Amino acid sequence: MSNKLEILAPAGNREMLGAAVFSGADAVYLGLTGFNARRTAGNFTPDELKEAVSFCHARGVKVHVTLNTLVYDRELPGLADAVRAVAEAGADAVISDDLAAAQMVKTIAPTLHLHGSTQMSIHTPEGARELAALGYDRVILAGELSLEEIRAVCAASPIEVEVFVHGALCMSVSGQCMMSAFLGGRSGNRGSCAGPCRLPFEANALPEGKPGRLHHLSLKDNSVIDKLDKLQAIGVASAKIEGRLRTPEYVAAAVSACLAGREGRAYDRDLLKNAFSRSGFTSGYLDGKIDGTMFGVRSEADAELTKKTLPALRELYRRERSRVPVEMKIEIEEGGEKLTVTDGTNKAFAYGDAEPQPARTDPTESLSRSLSKTGGTPFSAEKIDVEMDGGPWFVPGSAINELRREALDALLKKRETLRPWPVNEVELPPLPLRTLPPHRTLRARFERWEQVPEQALSGVEYLILPIAQADRVPREWREKTLLELPRVMFGALEEDTARRIAATQDAGFAGYEVSNIAHLRLCRGLPMTGGFGLNVTNNLAAQYYADLGLCSVLILPEVKDSDISTIAPTRDGKPVPTGVITYGHMPLMVTRACPLQNIHDCAHCDKTGLLTDRKAKKFPVRCGLGVRTIYNPVPIYMGDKPGALTVDYGVAYFTLESREEAAAILDSIRQHAPFEGEFTRGLYFKGTN
């Protein structure tokens, strides 16, 4: 791994790409039209991608292409084309989220580097190790980690580690947010987030109902550029700037600040703030100080400052930064001149026909001075040799300047040559089309043991309970109980989870419900089922998980009925069961920052609360295991439509309900009865954008 921290900049369009490169970024990341987590950015067509790679590689800048969106089976042929386009352009890496995309890369272009997107919710040492085992070259960590937590991942990771150092913060752990999808049909997991967290949300703490200020889901932008030296010291390979939906001026400001920060130099923090901020920045996550000061909104005053600062920001990328070291040798003899330039790999030549004249003094210094004037080009003259045959000779400065321009232009053209990755011809298997299984089962998931009705096992295939509740499950119930592992494991929770798995693996339980890639490593060799935190939306990913040992797979609740019908993994020729949530208040967000900290501190909180949106809908908030979960006010209910979705089992997902409410809902599902009260069919019949 390189010891120099890579400065990685966003390029949402061609102008942003130019600003990132001219201001000095070491690498850029950009989206290919269609398959990336910023679909509303300008993005690049395959031909534009080739031009971008050519432009960047000529200047020593790497290009990472984002294919980091969840895909449906019907989109897999297009995804395969996208992978081929990236390989043919010679880009340096693919950033992927869906395991289907990862499998496509490894099959179609196996030498192309693969980076695990922050959308994969990887935030622990075991997560990084598992990603390495799956063939990735780099892990892009979740944005919620402290310096010490990042240090622990770097120490354990066999692959490169990338962290976000500047830009917008999602309120939710990336990859675990369904708020935009459920509230407006625009999936953040598929690159169409509508940003509902930036809208007003009023907080009321329960039970007293104390009102708070608005925008309790809007965090300030992250900025830890003054700590780049610490990140580099603990082994971080790449410092990533968020912002493909921002402006060229924003990119230039952030890159310039990062270059200074990496070298320990001061940078203009006010200029950076004026480029874009939400009433300032926060470094709360990296500092381990997660409190109400992290929240902020974009004000009119912020926007006015940005407008006033634009001319100064544009100066940051008006001229190209000279950064590619070259060696030059000029040879002068009576008949003319020859200039050779090399970057160590490529060579270019220029020949002059100016008649050299005898010089009265040694012209070496003036020749070197003329040749070193590479400003406005990507090149920097590191070494200049002057050789004269029969001299000394005088050559006009204009002739030397022309030689320099001609030779550097020729070298730039050579460096612009694309170097595609080898591509395998791969034929996608035909899509399976499931029919409705003759026997469908019901599983019941509970947040805590107190919710479990006495007759819960009646007509239920499995109970699912958090592993922290394991001791409360009677021994006679354990063979029908799956232990759910935490979707996120910040701090010491991964070690605690590993201890709990060790303590329960011989205690008679049916197995473990995994919801994070780290869990695959923690439960290697043990019975595992897949939870919705794995974000399975297609058969290729479902099959991948089945091959990794999962005995059943829960499909992400964003998937439409027609797309559910093509997910049919197998193992040893036998179907691996698939399931859906058939009842439940969906967890729309899992957050490390607490929206309730704006109205009281943890010491005065009973770990419950409400957020009220501008339409007066009330979203329950619950705190536990170091995170907050924000639930949809209206539950999904599919109990009266038992044959609507082609899966093997449904899950009644109990979170907020009392034991009596859970018992009544289970009875309704068993009897296929209508739901009493307000409910939603979720996204099963309408899907998402």
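Keep in mind it's a predicted model, so treat the numbers as computed, not measured.

Visitor: Before we go on, may I ask you to explain the overall build of the protein chain in this structure?
Guide: Secondary structure summary: the protein chain contains 19 helices and 33 strands in total. Since a compact globule built from 689 residues should have a radius of gyration of about 26 Å, the 29 Å found for the protein chain is in line with a globular shape. For the protein chain, the C-alpha atoms occupy an extent of roughly 105 × 60 × 45 Å along the three principal directions. Going through the 689 residues of the protein chain one by one, you find that 58% of them count as buried. Across the protein chain, 81 positive and 87 negative side-chain charges occur, with their mean positions spaced 3 Å apart.

Visitor: What am I meant to see in the side chain of threonine 66 here?
Guide: Relative to the assigned elements, threonine 66 resides in strand 3 (residues 62-67). When its relative accessible area of 1% is taken as the criterion, threonine 66 is described as buried. Reaching out from threonine 66, the side chain makes a polar contact with the side chain of arginine 244 at a distance of 3.2 Å.

Visitor: Explain helix 13 (residues 364-371) here, please?
Guide: A turn of α-helix holds 3.6 residues, and therefore any two residues three or four places apart point the same way. Taken together, the buried positions of helix 13 are occupied by Leu367, Ser370 and Leu371. Seen end-on, helix 13 carries its buried residues on one side only, within an arc spanning 95 degrees. Each element contacted by the buried residues of helix 13 is listed here: strand 13 (324-333), strand 14 (336-342), strand 17 (379-388) and helix 14 (397-415).

Visitor: Could you clarify how one ought to interpret the sheet that holds strand 15 (residues 347-352) in this entry?
Guide: Whenever strands of a sheet pair, they do so through backbone hydrogen bonds, lying parallel or antiparallel. Here we have four strands laid out as an open sheet, ordered 15-14-13-17, and mixed in their pairing. Where the open sheet ends on each side, the last strands, each with one partner, are strand 15 and strand 17. Pairwise comparison of adjacent strand axes, ignoring direction, gives a mean angle of 20 degrees for this sheet. In the packing of helix 13 onto the sheet, the strands contacted are strand 13, strand 14 and strand 17, and the crossing angle to strand 17 comes to about 150 degrees.

Visitor: Which parts of the structure should I look at to understand helix 12 (residues 300-314)?
Guide: With 15 residues, helix 12 ought to run about 21 Å at 1.5 Å a step, and its terminal C-alpha atoms sit 22 Å apart, in line with that. Its axis deflected by about 40 degrees at lysine 308, helix 12 carries its strongest bend there, up to four residues before the proline proline 311. All of the buried residues along helix 12 are Asp302, Thr306, Thr309 and Leu313. Buried residues along helix 12 sit against helix 9 (248-262) and helix 10 (269-275).

Visitor: So what exactly am I meant to see when it comes to the nonpolar core here?
Guide: Nonpolar side chains tend toward joint burial in soluble globular proteins. Ranked by internal contacts, the top residues of the largest apolar core, which has 185 residues, are Val28, Leu30, Ile150 and Leu231. Leave out the neighbours within four places in its chain, and leucine 30 touches Ala11, Leu17, Phe44, Leu49, Ala52, Val63, His64, Val65, Thr66 and Arg244. Val324, Val326, Leu367 and Ile400 belong to the second-largest nonpolar core, a separate cluster that totals 23 residues.

Visitor: I tried to follow the pattern of salt bridges on my own but got confused; where do I start?
Guide: Two side chains bearing opposite charge may form a pair once their charged atoms approach each other closely. The full count for this structure, using the stated rule, is 35 salt bridges. Of the charged contacts, one joins glutamate 75 and arginine 190 as a salt bridge, the two residues approaching to 2.8 Å between their closest N and O atoms. Here glutamate 75 is found in the loop between strand 3 and helix 3 (76-89), whereas its partner arginine 190 is found in the loop between helix 7 (179-184) and strand 8 (201-205), with 115 residues between them in sequence. Among the ionic pairs, arginine 318 bridges to glutamate 315, the shortest N-O distance being 3.0 Å. Three or more residues are tied together by salt bridges with common partners; here these are Glu6, Arg138, Glu160, Glu162 and Lys240.

Visitor: I tried to follow the packing of helix 1 (residues 14-22) against helix 9 on my own but got confused; where do I start?
Guide: In a packed pair of helices, the relevant descriptors are the angle between the two axes and the axis-to-axis distance. Where helix 1 meets helix 9, the closest approach of the two axes is 8 Å, and the angle between their N-to-C directions is 20 degrees. Looking at the two axes, helix 1 sits roughly parallel to helix 9. In this structure, helix 1 crosses over helix 9, and the sense of that crossing is right-handed. Contacts from Glu15, Met16, Ala19 and Ala20 in helix 1 reach Pro248, Val251 and Val255 in helix 9. In terms of residue class, the contact of helix 1 with helix 9 is built from six nonpolar, no polar and one charged.

Visitor: It is not clear to me how the confidence of the model for the protein chain should be interpreted in this structure. Could you clarify?
Guide: Should pLDDT be low for a region, the predicted coordinates there are not to be read in detail. Mean pLDDT over the protein chain works out to 94, with 97% of the residues at or above the 70 mark. Contacts from residues 206-212, a stretch scored under 50 in pLDDT, to residues over four places away or in other chains number 17 contacts.

Visitor: Sorry if this is basic, but what is going on with the environment of aspartate 92 here?
Guide: Position of aspartate 92 relative to the elements: it lies in the loop between helix 3 and strand 4 (93-96). Residue aspartate 92 is classed as buried on the basis of its relative accessible area, which comes to 15%. Each C-alpha atom, one on aspartate 92 and one on leucine 272, is 29 Å from the other, the two residues being 180 residues apart in sequence. Discounting chain neighbours no more than four positions away, the residues touching aspartate 92 are His57, Lys62, Val63, His64, Leu112 and His113. A distance of 2.7 Å separates a polar atom in the side chain of aspartate 92 from a polar atom in the side chain of histidine 57. One polar contact links the side chain of aspartate 92 to the main-chain amide nitrogen of valine 63, over a distance of 2.7 Å.

Visitor: Hey, could you run me through the pairing of strand 4 in this one?
Guide: Walk down a regular strand and you will see the side chains alternate between the two sheet faces. Both faces of strand 4 are covered, namely the face carrying Ala93 and Ile95 and the face carrying Val94 and Ser96. Alignment of strand 3 against strand 4, held across four bridges, turns out to be parallel. Across the sheet, histidine 64 pairs through a bridge with alanine 93, a residue of strand 4. Taken together, strand 3, helix 3 and strand 4 form a β-α-β motif whose crossover is right-handed. Relative to strand 5 (residues 113-116), strand 4 runs parallel, the two being bridged by four bridges. Looking at the pairing, alanine 93 lines up with histidine 113 of strand 5. One crossover worth recording links strand 4 to the parallel strand 5 by way of helix 4 (residues 99-108), and it is right-handed.

Visitor: How do you make sense of unusual backbone geometry when you look at a structure like this?
Guide: Excluding glycine, residues mostly have negative phi values, and the peptide bonds linking residues are mostly trans. Positive phi, normally seen in glycine, also occurs at serine 121, with a value near 60 degrees. Following the sequence through the fold, serine 121 ends up in the loop between strand 5 and helix 5 (125-133). Classification of serine 121 by relative accessible area gives buried; the value is 1%.

Visitor: Please explain the state of the cysteines as it appears in this structure.
Guide: A covalent bond bridging the sulfur atoms of two cysteines is what the word disulfide describes. Going through the model one piece at a time under the given rule, you end up with zero disulfides. This cysteine, cysteine 623, is not joined by any disulfide, and cysteine 594 carries the nearest cysteine sulfur, 6.0 Å off.

Visitor: Honestly, the pairing of strand 22 (residues 511-514) in this entry has me stumped. Any pointers?
Guide: Bridge count for strand 21 (residues 481-484) against strand 22 is three bridges, and the pairing is parallel. Paired with glutamate 484 across the strands is glutamate 513, a residue of strand 22. The parallel pair strand 22 and strand 23 (residues 528-530) is bridged by helix 16 (residues 517-522), and the resulting crossover is right-handed.

Visitor: What am I meant to see in the environment of leucine 666 here?
Guide: Along the chain, leucine 666 falls in helix 19 (residues 659-670). Using a relative accessible area of 1% as the deciding quantity, one classes leucine 666 as buried. Residues leucine 666 and glutamine 455, 211 residues apart in the sequence, show an inter-C-alpha distance of 9.7 Å. Look past the residues within four positions of leucine 666 in its chain and what remains in contact with it is Leu442, Ala444, Phe446, Pro453, Ala652 and Phe654.

Visitor: I tried to follow the packing of aromatic side chains on my own but got confused; where do I start?
Guide: Tallied over the entire structure, the rule returns 10 aromatic pairs. Measuring from centroid to centroid gives 5.7 Å for phenylalanine 201 and phenylalanine 619, while their planes differ by 70 degrees, and the two rings are edge-to-face. Placement of phenylalanine 201 in strand 8 and of phenylalanine 619 in strand 30 (residues 618-624) is noted, with a sequence separation of 418 residues between them. With a centroid separation of 5.4 Å and 40 degrees between ring planes, the pair formed by tyrosine 583 and phenylalanine 654 is classed as tilted.

Definitions and limits used
Residues numbered from 1 in each chain as written. Predicted model: local features only at pLDDT ≥ 70, side-chain atom pairs only at ≥ 80, totals over all residues. Heavy atoms only, no water. Helix = DSSP H or I, 4+ residues; strand = E, 2+ residues; numbered from the N terminus. Rg over C-alpha atoms; globule rule 2.2 N^0.38 Å. Buried < 20%, exposed > 50% of the residue type's maximum accessible area, 1.4 Å probe, protein only. Lys, Arg positive; Asp, Glu negative; His and termini not counted. Charge placed at Lys NZ, Arg CZ, Asp CG, Glu CD. Polar contact = N/O pair within 3.5 Å; in protein donor to acceptor, adjacent residues only side chain to side chain. Arc of directions from axis to C-beta. Contact = heavy atoms within 4.5 Å. Pairing = 2+ DSSP bridges. Axes fitted to C-alpha atoms, helices over the stretch in contact; angles between N-to-C directions. Expected span 1.5 Å × (residues − 1). Bend = angle between axes of the 7 residues up to and from the residue. Core = buried A, V, L, I, M, F, W, Y, C linked by side-chain atoms within 4.5 Å. Salt bridge = Lys/Arg side-chain N within 4 Å of Asp/Glu carboxyl O. Parallel < 35°, antiparallel > 145°, perpendicular 65-115°, else oblique. Left-handed = near helix turned anticlockwise from the far one by under 90°. Nonpolar A, V, L, I, M, F, W, Y, C, P; charged D, E, K, R; others polar. pLDDT = per-residue confidence, 0-100. Right-handed = clockwise from strand over helix to strand, strands pointing away. Disulfide = S-S within 2.5 Å. Phe/Tyr/Trp six-rings, centres within 6.5 Å; stacked < 30°, edge-to-face > 60°.

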